[in-house]
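The primary structure of each chain is shown beneath.
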Amino acid sequence: MKRLIFLVSLVLISCSNPDVPEDRPEYNRHKELINQFSGGDEINSGFYNRFAFKATLLNTPTYESIIGQKASFYKWSTPKLLSEREKVEQNSSSETKVFMSFFTPNRKDDNFTDKNSIWKVYLESNGQRYEGKVVKDRRRPTELQKLYPYHSKWNSAYMIKFNVPTSRIEDKPSKFTVTGPMGSKEVTFNQR
C-alpha cells in the first residue's frame, strides 16, 4: 500500500508543470502593476449587492506588461511582439482604454452595450471629462483572468474607449466614473 501511494505521488509530481504562469516572478510583477493602476467600488442595499466593478487604466506600463504576458503565454515571435506593440502605440495616439470587470445580480441591468443602456461611464483628467464608448470584451475568461487577476467568471468584461490620447492623461490623476439609476461610483487612477 505504501509503495502504491509513493508511485501515485511520484507520477503526480512528474506530471506537474513547473512553468505555471502564477509561479513566474514576472507574473507576480504583472499582478502588482495591474493592481497599481486599478480601482473599484460597489453599491450595496442592505445585505444585497446592487453592483460592483473594478477597472484598469491601460497606459504605457500596463500595456507593456499585458503584451509581455501575452507574448509569454503564446510564445510570440519577435516580429509578432513588435507588431502588437505598434498596434498599441497607434491606438494610444488617438484614444485611452479602460478594462472593466462588472457584476450585478440582475443580468438585465448589465447592459452597458445596449442602445438604451442604463449606464454611463466617464473619464476625467486635467479638467476635461470624456464619455466612454463601451464594447464587450469577448476574449476567453481564462485569458482575461490571467491578464486582469481580479476578473472572475461571474463578472462581465468590458473595454471602454475614451476619445483622448493616452499621452494626454498618462502623467495626471484620472477619475473613472460609473453612473446610472442604480447609483454612481468613481475611482481615481493615480499615475505614479
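Residues numbered from 1 in each chain as written. Predicted model: local features only at pLDDT ≥ 70, side-chain atom pairs only at ≥ 80, totals over all residues. Heavy atoms only, no water.

Draft legend 1. The arrangement of the sheet that holds strand 8 (residues 174-180) in detail. Strand order in the open sheet formed by four strands is 5-4-8-9, and the pairing between neighbours is antiparallel. Whereas interior strands pair on both sides, the edge strands pair on one side only; in this sheet they are strand 5 (128-131) and strand 9 (183-189). On average, adjacent strands in this sheet sit at an angle of 20 degrees to one another, irrespective of strand direction. In terms of strand pairing, strand 8 meets strand 9 through seven bridges, oriented antiparallel. (Pairing = 2+ DSSP bridges. Helix = DSSP H or I, 4+ residues; strand = E, 2+ residues; numbered from the N terminus. Axes fitted to C-alpha atoms, helices over the stretch in contact; angles between N-to-C directions.)

Draft legend 2. Expanded view of the pattern of salt bridges. Applying the stated criterion across every chain, the model contains eleven salt bridges. Two residues, Glu 84 and Lys 80, come together in a salt bridge whose shortest N-O distance is 2.9 Å. One end of the pair is Glu 84 and the other is Lys 80, both in helix 4 (residues 78-92) and four residues apart, which spans about a single turn. A salt bridge links Glu 186 to Lys 175, with the shortest nitrogen-to-oxygen separation between them at 3.7 Å. Remark: Lys 175 occurs in strand 8 and Glu 186 occurs in strand 9; sequence separation between them is eleven residues. Lys 175 gets classed as partly exposed once you look at its relative accessible area, which sits at 25%. Through salt bridges with shared partners, a single network forms among Lys 80, Glu 84 and Lys 87. (Salt bridge = Lys/Arg side-chain N within 4 Å of Asp/Glu carboxyl O. Buried < 20%, exposed > 50% of the residue type's maximum accessible area, 1.4 Å probe, protein only.)

Draft legend 3. Structural view of the sheet that holds strand 3 (residues 96-103). Ordered in space as 1-2-3-7-6, the five strands form an open sheet in which the pairing is antiparallel. Across the chains shown, the open sheet's two edge strands, defined by having one partner strand only, are strand 1 (38-45) and strand 6 (133-136). Each adjacent strand pair in this sheet contributes to an overall mean axis angle of 25 degrees, direction not counted. For strand 1 and strand 2 (residues 48-58), the ladder comprises eight bridges, and the chain directions are antiparallel. Bridge pairing links Ser 38 to Thr 56 in strand 2.

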